[in-house]
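These are the residues of each chain, in order.
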Amino acid sequence: MSEAEIRNDVVLACRGLAASGMGDMIGGHVSIRVPGEEAYWCNAFDRALAEITHDDVVKVAFDGTVLSPGRYVSVGLTFHSGIYQLRPDVNAIVHSHGHWITAQTAFGRPPQCWHNLATLFEDECAMSPDDTLEAIAPALGDKSTILIPWHGAITVSDTIARAAGLHHTLEYVARLDVTLTPTPATPMPEEMRTGMRDLIMKVGYLEETWQLIRRQGRRALAAEGVQLPDLATAS
């Protein structure tokens, strides 16, 4: 991927997730590792996800140095560096304070299985002991998702498609758990979950969700008359 393509994907992820209710406040970040460098591209701190444009995507070194002049980033970005250094398999990270995700974290546990999509997080969702930067990356381990108590969540993957797709799906799964937990409803029986995650991955659900996020991002940009460089070639 070229620099322009990476930056475009950060913008589309931010805008698309915001269109699903996860980006109307300051905070939250999307990052993509720079191939062959100890650095990543991410959104600047002084814009909500719903406001991010190509000019708001900055390059940051693993040591925290902002390599794009004139902009600043969240102090919370340290966990991106920590995850990238501990997990060479991870090339993209998404963090948000989505409404339902944040509500879920107050339970202090991963979401229960109220829908087949929740199987994506079974044995794949860690719980950070707190929201300190030092705790998050080690607590994630080899999983794809981590909940940060009374804060938000992080999803990671080898591609931005899967990291963003997981995050989009987590907000839905968390909404079901927060809504249904206080009711007499019962979670999906374990025998019905067998093989469900493999089937969801096989049909490319996360990749299709990423295309949905990209379409939502494009519509949001078009509504403001904003264009992205080389958008037609972005992955």
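Details of the structure are given in the entry above.
Residues numbered from 1 in each chain as written. Predicted model: local features only at pLDDT ≥ 70, side-chain atom pairs only at ≥ 80, totals over all residues. Heavy atoms only, no water.

Colleague: Go over the overall build of the chain, please, and point to the residues and values.
Modeller: Assigned secondary structure in the chain consists of eight helices and seven strands. Against the globule reference of 18 Å for 235 residues, the chain gives a C-alpha radius of gyration of 17 Å, in line with a compact fold. Overall, the C-alpha framework of the chain stretches about 55 × 35 × 30 Å when taken along its three principal axes. Of the contacts made within the chain by residues no fewer than 6 positions apart, 65% connect residues no fewer than 24 positions apart. Summed over all atoms, the accessible surface of the chain reaches about 10500 Å², with 55% contributed by carbon and sulfur. Positive and negative side-chain charges of the chain, numbering 18 and 29 respectively, have mean locations separated by a distance of 5 Å. (Helix = DSSP H or I, 4+ residues; strand = E, 2+ residues; numbered from the N terminus. Rg over C-alpha atoms; globule rule 2.2 N^0.38 Å. Contact = heavy atoms within 4.5 Å. Areas by Shrake-Rupley, 256 points an atom, 1.4 Å probe, with all protein chains shown as cover. Lys, Arg positive; Asp, Glu negative; His and termini not counted. Charge placed at Lys NZ, Arg CZ, Asp CG, Glu CD.)

Colleague: Explain the pattern of salt bridges to me, using residue names and the numbers behind them.
Modeller: Under the counting rule described, the total for this entry stands at eleven salt bridges. Ionic pairing is found between Arg-15 and Glu-224, a salt bridge with its closest N-O pair at 2.9 Å. Placement of the pair is Arg-15 in helix α1 (residues 3-22) and Glu-224 in the segment after α8 (205-223), with a sequence separation of 209 residues. Given a relative accessible area of 2%, Arg-15 falls into the buried group. Taking relative accessible area as the criterion, Glu-224 reaches 49% and is therefore assigned partly exposed. In this structure, Asp-46 engages Arg-71 in a salt bridge whose closest nitrogen and oxygen atoms are separated by 2.7 Å. Of this pair, Asp-46 sits in the loop between β2 (39-43) and β3 (57-61) while Arg-71 is found in the loop between β3 and α2 (78-86), placing the two residues 25 residues apart along the sequence. Through salt bridges with shared partners, a single ionic network connects Asp-46, Arg-47, Asp-56 and Arg-71. (Salt bridge = Lys/Arg side-chain N within 4 Å of Asp/Glu carboxyl O. Buried < 20%, exposed > 50% of the residue type's maximum accessible area, 1.4 Å probe, protein only.)

Colleague: Before we move on, could you go through the sheet that holds β2 and cite the residues and values that matter?
Modeller: Taken together, the seven strands give an open sheet; going across it, the order is β3-β2-β1-β4-β7-β6-β5, and neighbouring strands pair in mixed fashion. Edge positions in the sheet fall to β3 and β5 (125-127), since each of these pairs with one other strand and no more. With strand direction ignored, the average angle separating the axes of adjacent strands in the sheet is 20 degrees. The sheet contact formed by strand β4 (residues 92-96) and strand β7 (residues 152-157) spans five bridges and is antiparallel. Across the sheet, Ser-96 pairs through a bridge with Ala-153, a residue of β7. Contacting β5, β6 (145-148) and β7, helix α4 (residues 133-140) runs over the sheet at an angle of about 150 degrees to β6. Against the sheet, helix α5 (residues 160-180) engages β1 (29-33), β4, β6 and β7, with an angle of about 150 degrees to β7. (Pairing = 2+ DSSP bridges. Axes fitted to C-alpha atoms, helices over the stretch in contact; angles between N-to-C directions.)

Colleague: Explain α5 residue by residue, including any values.
Modeller: Given a rise of 1.5 Å per residue, 21 residues ought to cover 30 Å, and the 30 Å separating the end C-alpha atoms of α5 matches this to within 8%. Within α5, 16 of the 21 residues are buried, leaving the element largely enclosed by the surrounding structure. (Expected span 1.5 Å × (residues − 1).)

Colleague: Run through a nonpolar patch on the surface, naming residues and quoting values.
Modeller: A surface patch of nonpolar side chains, amounting to about 280 Å² of accessible area, comprises Ile-26, Phe-45 and Tyr-72. Along the chain, Ile-26 turns up in the loop between α1 and β1. Overall, the relative accessible area of 44% leaves Ile-26 in the partly exposed class. (Patch = residues over 30% accessible without salt bridge, like charges linked within 9 Å, V, L, I, M, F, W, Y side chains within 5 Å.)

Colleague: Please provide a residue-by-residue account of the nonpolar core, values included.
Modeller: By size, the foremost hydrophobic cluster in this structure holds 44 residues, and its most contacted members are Val-30, Val-94, Leu-120, Phe-121, Ile-160 and Trp-210. Elements with a contribution of two residues or more to this core: α1, β1, β2, β4, α5, α7 (196-202) and α8. A per-element tally of this core places α1 first, with nine residues. Dropping the residues within four chain positions of it, Val-30 is found in contact with Val-10, Ala-13, Cys-14, Leu-17, Trp-41, Cys-42, Asn-43, Ile-93, Val-94 and Ile-160. Listed in part, the 20 residues of the second largest apolar core include Val-58, Val-60, Tyr-84 and Ala-137. (Core = buried A, V, L, I, M, F, W, Y, C linked by side-chain atoms within 4.5 Å.)

By themselves, these observations are geometric and do not establish any function.
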